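Architecture and fold: a report
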Amino acid sequence: MAIVVSMATFMEVLDTTVVTVSLPHIGGSLSSTAEESTWVLTSYLLSNAIVLPITAWLGNRFGRKRVLLTCTLFFTAASAACGAATSLEMLILARVLQGAGGGALQPIAQAVLMESFPPARRGAAMAAFSMGVIVAPILGPTLGGWITDNYSWRWVFYINLPIGLLAMAMVNTVVEDPPYVQAGRQRRIDYIGFGLMALCLATAQIMLDRGQEADWFAAPWVRWFAAISALSLVAFIARELSADEPIVDLRILAERNFAVGFGLSTALGECLYGTTSMLPLFLHTLLGYSAVDSGLAVSPRGLGAMISAIVIGRIILFVDSRILIAAGFGLLAVSGFMFAGLTLQISKANVVWAAVLNGMSTGMIFVPLSTLAIGRLRNEEMGNATGLYNLMRNLGGSVGIAIATTRLTRSAQAHQAILASHLTPYDPAYEQARRSLQRFLAGRADPATASRQALGMLYRVLVQQATLLAFLDVFRAISALALLCAPAAFLFARVLPRRAWAVRSGRRPPEPAAPPAP
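Since the model is a prediction, treat every value here as computed from it, not as a measurement.

From N to C terminus, the protein includes 23 helices and zero strands. Structurally, the protein occupies a C-alpha span of about 100 × 55 × 45 Å along its principal axes. Buried residues in the protein amount to 54% of all 518 residues. Pairs at least 24 apart in sequence give 82% of the contacts found in the protein among residues at least 6 apart. Carbon and sulfur atoms make up 67% of the accessible area of the protein, which amounts to about 22,300 Å² in all. Of the charged side chains in the protein, 38 are positive and 28 negative, and the gap between their average positions amounts to 7 Å.

Right, here's the structure in full:
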């Protein structure tokens, strides 16, 4: 069961990042600009975000197994259409369908695992689930770069075909609907609630993805989108709390552990996707790594995440999950500060060790966080909870990438202005460097040309240093957010698995009370 649902999840999450390094190739092949090519990412995230929170309603209405099979088929067929696209418009439409098909895979997989495993083994179940949710976005740029360089960007989508067909065959064999789903399939759809939710998520996602290019609130359309998203969110909350059959049951946020996990999952998404977007960009932009080399340098994050998830899945039976979450956020902060100490003279080993610690921290956080957030809910509530939980992690990722990109651009401008104030003829260090470069270049060009070239070389160094300081500011901000989240782990109510209770006390755990007679 764990292998089946994790396979589908890995395939779906991988497609959120595997295309990032292929965008220049896609733009060149389909005769589109770099700005137009980014809609390949935005369209996928947009439709994915809309489907995520309604997964529970779809499962209850049509049956969880049927929805899982249909979405896997939809995702696989859309992947084939993406690979065969002959224009950018066709590719964007196929990506919308692919995101819609993949949106239900994450929450259904998590709900199936949480219901299929007994409480004492849910840590191991979430360790298996984390292989897809954490490792896939880390390995995505590396795998996408290697496939694009050695074959074609179209094979980034075609690799989903055999995995999707295998996942469908295995889902049809091992996954079954629980009794409460089979008994409650006749449910009406809340069209108003769905429309408000889709409007809120669509405007928010487009604003987050495209806002930096438009200088955020300096652009009128960004202000309109922000207002529409906020108003539709308020209306959606009011509608869902008053509806008899809401399409998303927000009342589960009254459960303490889920509410805390809801917030920490958003913060984890910001840290995870913020680091995933900034680190390869740092290596490629400032150190001159190729797309494949930068991916290989950060891929040890996936190895660290896998190792820590497996270990945490075992020791979660004996260690308080709140301590594991706090330690994970602390380790995430330490790795961020290690990234904040990078320079232009580092070796690949400096990046690898920090990346391994960063990956280990995400594995330490994700497994106990998922277990605590959803562990106290009834089986009937898990489908709805997993949809909201995964939605907020993905939205947190979009917010993290948007904030990191904006901070990088504006911090680089600020640092460049500060550093440029020292590049004057009255600064002895600058004047000495300029004259030395001019003398070095004088043998290759006339004095006027040598002077201009010397100034150009110094300006390039200035831009490099300003950009480096901006990257370090982003990594420090991610570390500060992780550090703030560490004490928040103790807001959870303690959940003690029955097997761990027995090991610690040396006695048999109490058996659950028998249900009352009908």
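Contact pair helix 17 (residues 300-315) / helix 19 (residues 348-375): the axes reach a minimum separation of 7 Å and the direction vectors enclose 35 degrees. Considering only the axes of helix 17 and helix 19, their crossing is right-handed. Side by side, helix 17 and helix 19 meet where Pro300, Arg301, Gly304, Ala305, Ser308, Ala309 and Ile312 of the first sit next to Val352, Ala355, Val356, Asn358, Gly359, Met360, Thr362, Gly363, Met364, Val367 and Pro368 of the second. A breakdown of the residues in the contact of helix 17 with helix 19 according to their chemical character gives 11 nonpolar, six polar and one charged.

Our next topic: the environment of Val351. Tracing the sequence through the fold places Val351 in helix 19. Residue Val351 is classed as buried on the basis of its relative accessible area of 0%. Residues Val351 and Leu332, spaced 19 residues apart in sequence, show a C-alpha to C-alpha distance of 14 Å. Every residue in contact with Val351, bar those within four places of it in the chain, is listed here: Leu279, Leu283, Ala297, Phe339 and Ile346.

Looking at the secondary structure, you find Met197 in helix 13 (residues 191-210). For Met197, a relative accessible area of 4% corresponds to the buried category. Taking the C-alpha atoms as reference points, Met197 and Pro53, separated by 144 residues in sequence, lie 9.0 Å from one another. Once you skip the residues sitting within four places of it in the chain, Met197 turns out to touch Ile50, Pro53, Ile54, Phe236 and Val248.

Let's shift gears to the packing of helix 6 (residues 64-83) against helix 7 (residues 88-103). Viewed as axis vectors pointing N to C, helix 6 and helix 7 meet at an angle of 160 degrees, and their least axial separation amounts to 8 Å. What the angle tells us is that helix 6 and helix 7 run roughly antiparallel. Every pair of crossing elements has a handedness; the one defined by helix 6 and helix 7 is left-handed. Together, Cys71, Phe74, Phe75, Ala78, Ser79, Ala81 and Cys82 of helix 6 and Met90, Leu91, Ala94, Arg95, Leu97, Gln98, Gly101 and Gly102 of helix 7 make up the contact between the two elements. Taken together, the residues that form the contact of helix 6 with helix 7 break down as 10 nonpolar, four polar and one charged.

With that settled, the discussion passes to the pattern of salt bridges. This model, assessed by the stated rule, comprises nine salt bridges. Here Asp320 makes a salt bridge to Arg322, at a shortest N to O gap of 2.9 Å. Arg322 sits in the buried class, given a relative accessible area of 17%. For Arg476, the salt bridge goes to Asp473, with nearest N and O atoms at 3.1 Å. Within this pair, Arg476 and its partner Asp473 are both found in helix 22 (residues 447-488), separated by three residues, close to a single helical turn. On the basis of relative accessibility, which here comes to 15%, the residue Asp473 falls in the buried class. Salt bridges sharing common partners tie together Glu431, Arg434 and Arg435.

Glancing now at helix 14 (residues 220-242). For helix 14, which comprises 23 residues, the first-to-last C-alpha distance of 33 Å matches the rise-based estimate of 33 Å (1.5 Å per residue) to within 8%. The secondary structure elements touched by the buried residues of helix 14 are helix 13.

With that settled, consider helix 15 (residues 256-286). If you check helix 15, its first and last C-alpha atoms are 45 Å apart, about what 31 residues at 1.5 Å a residue would give, namely 45 Å. Most of helix 15 sits out of view: 23 of its 31 residues are buried. Structurally, the start of helix 15 carries an N-cap: the backbone nitrogen of Asn257 is 3.1 Å from a side-chain oxygen of Glu255. With its phi angle positive at about 75 degrees, Gly288 sits one or two positions after the end of helix 15.

This brings us to the side chain of Ser398. Position of Ser398 among the secondary structure elements: in helix 20 (residues 379-420). Not counting residues up to four positions away in its chain, the partners in contact with Ser398 are Gln205 and Leu208.

A few words now on the packing of aromatic side chains. Describing an aromatic ring pair means giving the distance of the ring centres and the angle of the ring planes. Scanning the model with the defined rule gives eight aromatic pairs in all. Pairing Trp221 with Phe225 gives two aromatic rings, centres 5.2 Å apart and planes at 85 degrees, and the pair type is edge-to-face. One end of the pair is Trp221 and the other is Phe225, both in helix 14 and four residues apart, which spans about a single turn. For Phe225, a relative accessible area of 24% translates into the label partly exposed.

Here we come to the nonpolar core. Counting 109 residues, the largest nonpolar core has Val248, Phe258, Leu264, Phe282, Phe329 and Leu369 as the members making the most contacts within it. Looking at this core, the element that brings in the most residues is helix 15, giving 12 residues. Membership of the second largest hydrophobic core comes to 21 residues, among which are Leu23, Leu41, Ala94 and Ala136.

Turning our eyes to something else, we now look at the layout of surface pockets. In this structure, the largest pocket occupies an estimated 1,300 Å³ of space. Lining the largest pocket are 41 residues, with Thr20, Leu23, Leu41, Ser277 and Ile401 positioned closest to its centre. Of all the secondary-structure elements, those providing two or more residues to the lining of the largest pocket are helix 1 (2-17), helix 2 (23-29), helix 3 (34-37), helix 4 (39-51), helix 13, helix 15, helix 16 (291-298) and helix 20. With nine residues, the top contributor of residues to the lining of the largest pocket is helix 20. Here the lining of the largest pocket is composed, by residue class, of 17 nonpolar, 19 polar and five charged. Surrounding the second largest pocket, 23 residues form its lining, Cys200, Leu201, Leu233, Met392 and Leu395 being those nearest its centre. Listing elements by their share of the lining of the second largest pocket, those giving two or more residues are helix 13, helix 14 and helix 20. The residue inventory of the lining of the second largest pocket, partitioned by class, reads 22 nonpolar, one polar and no charged.

Here is what the cut-offs are and how they apply
Residues numbered from 1 in each chain as written. Predicted model: local features only at pLDDT ≥ 70, side-chain atom pairs only at ≥ 80, totals over all residues. Heavy atoms only, no water. Helix = DSSP H or I, 4+ residues; strand = E, 2+ residues; numbered from the N terminus. Buried < 20%, exposed > 50% of the residue type's maximum accessible area, 1.4 Å probe, protein only. Contact = heavy atoms within 4.5 Å. Areas by Shrake-Rupley, 256 points an atom, 1.4 Å probe, with all protein chains shown as cover. Lys, Arg positive; Asp, Glu negative; His and termini not counted. Charge placed at Lys NZ, Arg CZ, Asp CG, Glu CD. Axes fitted to C-alpha atoms, helices over the stretch in contact; angles between N-to-C directions. Left-handed = near helix turned anticlockwise from the far one by under 90°. Nonpolar A, V, L, I, M, F, W, Y, C, P; charged D, E, K, R; others polar. Parallel < 35°, antiparallel > 145°, perpendicular 65-115°, else oblique. Salt bridge = Lys/Arg side-chain N within 4 Å of Asp/Glu carboxyl O. Expected span 1.5 Å × (residues − 1). Polar contact = N/O pair within 3.5 Å; in protein donor to acceptor, adjacent residues only side chain to side chain. Phe/Tyr/Trp six-rings, centres within 6.5 Å; stacked < 30°, edge-to-face > 60°. Core = buried A, V, L, I, M, F, W, Y, C linked by side-chain atoms within 4.5 Å. 1 Å grid on protein atoms, 1.4 Å probe; cavity = no way out; pocket = protein on both sides within 12 Å on 5 of 7 lines; lining within 4 Å. Points joined across faces, edges and corners; volume = space filled by probe spheres on them.

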